[in-house]
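Coordinates in review
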Amino acid sequence: MISANDVKREALALGFDLCGIAPAAAFPELRYLREWLDRGYAGEMQYMHRSVDRRSDVRHVLPSARSVIALGTVYNAARPYSTERSDPTQAEIARYAWGDDYHAVIQERLDRLLAWLRAAVGPSFEGRAYVDTGPVQERVYAQYAGIGWIGKNTCVINPAMGSWLFLAEIICNLALTPDAPAPDQCGTCTLCLDACPTGALVDAYALDSTRCISYLTIELKGSIPTTHRDDIGAHAYGCDVCQEVCPWNHAPAVASESAWQPRDGFDTPRLLELWRRSDDELRAMMKGSAMTRAGVKRLRRNVAVALGNSAEADAAAALVSHDSPSCADPLVAEHVQWAVAKLRGARHEGA
Ligand code: B12
Ligand code: SF4
Ligand code: SF4
């Protein structure tokens, strides 16, 4: 029979940076999800509502589950934080999206770990592997597997590596020796709550997605509420502020793998340069990255808002003159209109 240590050794050999074991149990933190949904904090993410029962316990996903093999992968690249820059004309793209699509890269590693488990255990092995895509509250199992604690910014923080981690897991029917849960080390700190540009961290450990820039620029399909557009600043895709200010990310682990290094065009491009690209060029730039989730139309919508916030001299002219097909979309056109009005208003105020 294989041991927890055998599994961890294999996981690290396959390229995972962290591996721990949580029992397949109904942990108290799993219950927050219902209240979170009732408060409307999921916004338009209907899939969270649809899967609420399955997300309440991994045994609803795999009835024979005994353990969750929780896995962490460092994706941090050695580049300055958005909070260290003050140039509003540069696009901010969240660092998790700089490299190759993590779903594909990590799923391949999960498949190899699953194959190894099947070969080692034999036909009695049952397992389900997920990276972000499954009806699982990944952070809770990561915390109970000792990977890291859920911080007040709601991210899993590993005391030695920081929080720039992708989480993944294999739910399985093996009774592996569990690790001790990671203790909360946030203490009296509230830096993330204070720094969030849109006040999305409504309380410690509680995030209202409908205010979160990550949700507004990636998940939200329609119009970005005008009340949040100013606060989005230069964020063109996702947001890292509540992790950048975290003291546990002051000397974080850096990924050496090429998969997580910024792809061409992702390394703080200028907003104007992004806007002037054709739809085909944007599509080619995003291909194979996690950014494909938003697609060209939503990316243009976001870039228009960020340009509106940039005070860039040529921005208004570029916004009205660029004629890629996505610019004619009513959603994009409405955000362009807002941005141009803001840029022109700012110029008049300054005149
Ligand atoms: C929905 C979702 C989002 C939503 C909502 C985020 C959220 N905090 O829930 C949005 C679109 C906003 C989002 C944003 C981001 N996401 Co996201 N997201 C998810 C997803 C699919 C589900 C998360 C979930 O279950 N939320 C439900 C709520 C209830 O959970 P929660 O807010 O985390 O709250 C927990 C605790 O804080 C606690 N709790 C809640 N209230 C209270 C109250 C008290 C008093 C206490 C003690 C505890 C407590 O209970 C909850 C337990 O689940 C997971 C993948 C997965 N399947 O788990 C990825 C995931 C969480 N996302 C991830 C990432 C990388 C991001 C971003 C960094 C991307 C970016 N740069 O733009 C941001 C980070 C924003 C942030 N601060 O969380 C990673 C996080 C890795 C990590 N180190 O933690 C995950 C795990 C994906 C992955 N496989 O790697 N995401
Ligand atoms: S990702 Fe940005 S907007 Fe969302 S909670 Fe963190 S700091 Fe706030
Ligand atoms: S910034 Fe402070 S409160 Fe927020 S997650 Fe980090 S240590 Fe916890």
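Residues numbered from 1 in each chain as written. Chains lettered and ligands numbered in written order. Predicted model: local features only at pLDDT ≥ 70, side-chain atom pairs only at ≥ 80, totals over all residues. Heavy atoms only, no water.

So, the site of ligand 3
Going by this rule: We call a residue near a molecule or strand whenever a single non-hydrogen atom of that residue lies within 4 Å of it. The nonpolar class holds Ala, Val, Leu, Ile, Met, Phe, Trp, Tyr, Cys and Pro. Asp, Glu, Lys and Arg form the charged class, and all remaining residues, Gly among them, are polar.
In the neighbourhood of ligand 3, the contacting residues comprise Lys-152, Asn-153, Ile-157, Cys-186, Cys-189, Leu-191, Cys-192, Cys-246, Pro-247 and Trp-248. Looking at the shell around ligand 3, its residues break down into eight nonpolar, one polar and one charged.

What to know about the site of ligand 1
The following threshold applies: Polar contact criterion, stated in full: a pair of N or O atoms within 3.5 Å, where within protein one must be able to donate a hydrogen and the other to accept it, and residues adjacent in sequence count only if both atoms are side-chain atoms. Note on conventions: DSSP H or I runs of at least 4 residues are helices, E runs of at least 2 residues are strands, and numbering of each starts at the N terminus.
Around ligand 1 lies a shell of 37 residues, among which Val-136, Gln-137, Glu-138, Val-156 and Leu-167 are the nearest. Contact distances for ligand 1 include 2.8 Å between an oxygen atom and a side-chain N or O atom of Ser-214. Cys-239 is positioned such that a nitrogen or oxygen atom in its backbone is 2.9 Å from a nitrogen atom of ligand 1. Breaking the shell around ligand 1 down by element, the ones donating at least two residues are helix H2 (32-38), helix H3 (46-50), helix H6 (138-144), strand E7 (165-172), helix H8 (213-219) and helix H10 (241-244). Split by residue class, the shell around ligand 1 holds 21 nonpolar, nine polar and seven charged.

Some remarks on empty space enclosed by the protein
What counts is decided by this rule: Buriedness for pockets is judged along seven lines, at least five of which must meet protein on both sides within 12 Å for an open set on the 1 Å grid over protein atoms alone, while cavities are sets there where a 1.4 Å probe fits but cannot get out, and lining residues have an atom within 4 Å of a point. Grid points are joined across faces, edges and corners, and a volume is the space filled by probe spheres set on the points.
The final tally for this structure, using the stated rule, is one cavity of 30 Å³ or more. Residue lining of the largest cavity: 15 residues in total, with Ser-82, Glu-92, Ile-93, Asp-240 and Glu-244 positioned closest to the centre. When contributions to the lining of the largest cavity are tallied by element, the ones reaching two or more residues are strand E3 (92-93) and strand E10 (235-237). Split into classes, the residues belonging to the lining of the largest cavity amount to seven nonpolar, three polar and five charged.

Re helix H5 (residues 102-121)
Put simply, the test is: Expected span of a helix, by definition, is 1.5 Å for each gap between consecutive residues, and there is one gap fewer than residues. The buried label goes to any residue with under 20% of its type's maximum accessible area, the exposed label to any with over 50%, and the partly exposed label to all in between, with areas taken from a 1.4 Å probe on protein chains only. Residue contacts are defined here by distance: any two heavy atoms, one from each residue, within 4.5 Å place the two residues in contact.
Taking 1.5 Å as the rise per residue, H5 with 20 residues should run 28 Å; its terminal C-alpha atoms sit 28 Å apart, in good agreement. Buried within H5 we find Tyr-102, Val-105, Ile-106, Arg-109, Leu-110, Leu-113, Leu-114, Leu-117 and Val-121. Those residues of H5 hidden inside the fold are in contact with helix H1 (4-13), strand E2 (67-74), strand E4 (127-130) and E7. Following H5 by one or two positions, Gly-122 adopts a phi angle in the positive range, close to 100°.

What about the pattern of salt bridges?
Our working rule: A pairing counts as a salt bridge when a side-chain nitrogen of Lys or Arg comes within 4 Å of a carboxyl oxygen of Asp or Glu.
According to the stated counting rule, one finds 18 salt bridges in the structure shown. Between Lys-342 and Asp-230 there is a salt bridge whose closest N-O contact spans 2.9 Å. Remark: Asp-230 occurs in the loop between helix H9 (226-229) and E10 and Lys-342 occurs in helix H15 (residues 330-350); sequence separation between them is 112 residues. The class of Asp-230 is partly exposed, set by a relative accessible area of 44%. The partner of Arg-270 in a salt bridge is Glu-312, with the nearest N and O atoms 2.8 Å apart. Note that Arg-270 is positioned in the loop between H10 and helix H11 (271-276) and Glu-312 in the loop between helix H13 (295-308) and helix H14 (315-321), a separation of 42 residues in sequence.

Concerning the packing of H1 against H5
Let me state the cut-off plainly: All axes here are fitted lines through C-alpha atoms, helices being fitted over the stretch that makes contact, and every angle between N-to-C directions spans 0 to 180 degrees. With the far helix as reference, a near helix turned anticlockwise by less than a right angle produces a left-handed crossing, and one turned clockwise produces a right-handed crossing.
Relative to each other, H1 and H5 sit at 145°, their axes nearing to 10 Å. Note that H1 runs across H5; the crossing there is right-handed. Residues Asp-6, Val-7, Glu-10 and Ala-11 of H1 form the contact with H5, whose own contacting residues are Leu-113, Trp-116 and Leu-117. Among the residues making up the contact of H1 with H5, the classes are represented as five nonpolar, no polar and two charged.

Points about the side chain of Gln-143
Tracing the backbone through its elements, the reader meets Gln-143 in helix H6. Those residues within four positions of Gln-143 in sequence are excluded, and the remaining contacts are Gly-148, Trp-149, Ile-150, Pro-181 and Ala-182.

Section: the nonpolar core
Inclusion rule: The nonpolar core is taken to be a set of buried Ala, Val, Leu, Ile, Met, Phe, Trp, Tyr and Cys residues, with the residues joined through side-chain atoms within 4.5 Å.
Core analysis: the largest hydrophobic core is formed by 122 residues, its most contacted members being Ile-69, Tyr-96 and Trp-275. Ranked by the residues each element gives to this core, the list is headed by H5, at eight residues. In this view, Trp-275 contacts Arg-300, Val-303, Ala-304, Leu-307, Ala-318, Leu-319, His-322, Cys-327, Val-332 and Val-336; residues no more than four positions away in its chain are not counted. Ranked by size, the runner-up nonpolar core spans five residues in total, among them Trp-149, Ile-157, Cys-186 and Cys-246.

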